[in-house]
Amino acid sequence: MINMNYLNINKLLSVICICAATSFAATSQTSTESILRQIEENNPQLKAAAAEADAEKIENRSGALLENPEFEFNYLWGADGIGNRRDFRVTQAFDVATLTGMKSRQVAGQNEMSALKYKSERLSVLLEAKQACIDLIYYNALKAELSTHLEQAQTLVNSFEKRLKAGGANVLDLNKAKVHLTAVRGQISQVEVERQTLLATLKSLNGGQDIILDDCVYDLSDNLPADFESWYESASKKNPVLQYVRQEVTLGRKQLSIDKTAWVPELTVGYMSELTTADKFRGVTVGVNIPLWSNANKVKQSRAKIAAAESRKTAAEQQFYFDLLAQYNRAASLKANSELMRSSLSETDSRDYLLTAQSRGEISMIEYLVETDQYYEALEQTLSAERDYHQALAQLNAVEL
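So, here is what we can say about the structure in this document. (Residues numbered from 1 in each chain as written. Predicted model: local features only at pLDDT ≥ 70, side-chain atom pairs only at ≥ 80, totals over all residues. Heavy atoms only, no water.)

1. A few points about helix α7 (residues 240–261)
When the terminal C-alpha atoms of α7 are compared, their 31 Å separation across 22 residues agrees well with the 32 Å that a helix rising 1.5 Å per residue should span. Of all the positions in α7, only P240, L242, V245, Q247, V249, L251, G252, L256, I258, D259 and T261 are classed as buried. Measuring from the backbone nitrogen of V241 back to the side-chain oxygen at the start of α7 gives 3.0 Å, which picks out N239 as the cap. (Helix = DSSP H or I, 4+ residues; strand = E, 2+ residues; numbered from the N terminus. Expected span 1.5 Å × (residues − 1). Buried < 20%, exposed > 50% of the residue type's maximum accessible area, 1.4 Å probe, protein only. Polar contact = N/O pair within 3.5 Å; in protein donor to acceptor, adjacent residues only side chain to side chain.)

Below, the structure is given as structure tokens:
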């Protein structure tokens, strides 16, 4: 099942700021959406898929045309005194399916199939881009938080250096602070590697053009559907994969009707002339093509194809329903978990107090490092939970792209 998902996000003034969901609500409506539109326009895979769809539509149109007219010319040499003979004939065959427009309607359905194949490819590409954007927002947020952590670690080192010179600290505590600072720098470096990898992925999807995305907050207007069943009815009508398998059944039934008309004799009408030295004959020629053998088993074959298409349709609908139900339940669970973690984290944020308390000697260096590391570990888990929720939501809402 085609998966794809799709969150608008807030524009940050600086990557090193602390991400706050309410700070940039007025500017959160265009960043990711704008990136997806760029990728839709520039993605080479989608350009190739669009060209292939156009080629298929041109090929489909040839199936609704009459058979080629037939031209025939004969030149016969006669015996001495009789003269030569020249025959000319042009004929055109007509079949019921073409004359009644059945083939034209079939071509329209085939063109719709080609369009659905493109839509499926488009959804897959945009979903990949959307998920990359969500991951990038996560790393932007993590980098912003770690930048604050880095500032505090640097402040701690500076404080210990001053205190060491004044005789109020020892070298061991200063070294611990420096190791802590180095560890935070390493974390930021690792996060930056992940950011650059995601930016490279988005650049590739965008046909080699750079993508800029500094946001670190997800759009608060993206919510889980309140009722799964009613939402599913709408989503199932928009999903291109389901539309494709349903269209297969429709086309199969139309093809069955066309194959049934193949047993109707084909009419051939034309003009013919026969010219000799002494006589000239011109007139109309009419013929009938009786399909005694060429259409054997075509109707049975069409019925078998319809049965197979209906089975594929049923299987696809069932898989789509249960896949979406599982994704919905997972997204709901992730949403509750991420909200709980964010609420708990907000209530236990004591970073400023810890730094002040340590500088005053109220807590030891070890206590400060343990408490700080615990907080940032919980912070990373919270950001990861929020990312997982929005990834699940993006997959769930892929058909809306």
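2. A closer look at the pattern of salt bridges
According to the stated counting rule, one finds 19 salt bridges in the structure shown. Two residues, D95 and K103, come together in a salt bridge whose shortest N-O distance is 3.7 Å. The class of D95 is buried, set by a relative accessible area of 15%. Linking R195 and E192 is a salt bridge whose minimum nitrogen-to-oxygen distance equals 2.9 Å. Placement of both R195 and E192 in helix α5 (residues 171–205) is noted, with a separation of three residues, approximately one turn of the helix. The class for E192 is partly exposed, based on a relative accessible area of 22%. Among the charged side chains, a network of salt bridges with common partners joins E33, R37, E40 and R122. (Salt bridge = Lys/Arg side-chain N within 4 Å of Asp/Glu carboxyl O.)

3. Observations regarding the sheet that holds strand β3 (residues 85–94)
Read across the open sheet, the four strands follow the order β2-β3-β5-β6; overall the sheet is antiparallel. Two strands lie at the open edges of the sheet, namely β2 (70–76) and β6 (280–289), each paired on one side alone. Put simply, the sheet's adjacent strands are angled 15° from each other on average, direction ignored. (Pairing = 2+ DSSP bridges. Axes fitted to C-alpha atoms, helices over the stretch in contact; angles between N-to-C directions.)

4. Looking at the packing of aromatic side chains
Summed over all chains, the structure comprises 10 aromatic pairs. Between the aromatic rings of Y138 and Y139, the centroid separation amounts to 4.8 Å while the plane-to-plane angle is 70°, which identifies the pairing as edge-to-face. In this structure, Y138 and Y139 share a single accessibility class: buried. The ring of F160 has R163 lying over it, and the distance from NZ or CZ to the ring centre is 4.6 Å. (Phe/Tyr/Trp six-rings, centres within 6.5 Å; stacked < 30°, edge-to-face > 60°. Lys NZ or Arg CZ within 6 Å of the ring centre and 35° of its normal.)

5. A word on the pairing of strand β5 (residues 266–275)
With nine bridges joining them, β3 and β5 adopt antiparallel strand pairing. Looking at β5, one finds that F88 is bridged to S273. In this structure, β5 lies alongside β6, joined through 10 bridges in antiparallel fashion. Each residue of the ladder has a partner; that of G270, found in β6, is T285.

6. Focus: the nonpolar core
Within soluble globular proteins, side chains that are nonpolar tend to cluster in buried spots. Judged by nonpolar contacts, the single largest core of 71 residues is most densely connected at I39, L156, L202, L224, W231, L324 and Y368. Examining the composition of this core, we find that 19 residues originate from one element, helix α4 (residues 102–166), more than from any other. Sequence-distant contacts of W231, defined by excluding residues within four places in its chain, comprise P225, L324, L396 and N397. (Core = buried A, V, L, I, M, F, W, Y, C linked by side-chain atoms within 4.5 Å. Contact = heavy atoms within 4.5 Å.)

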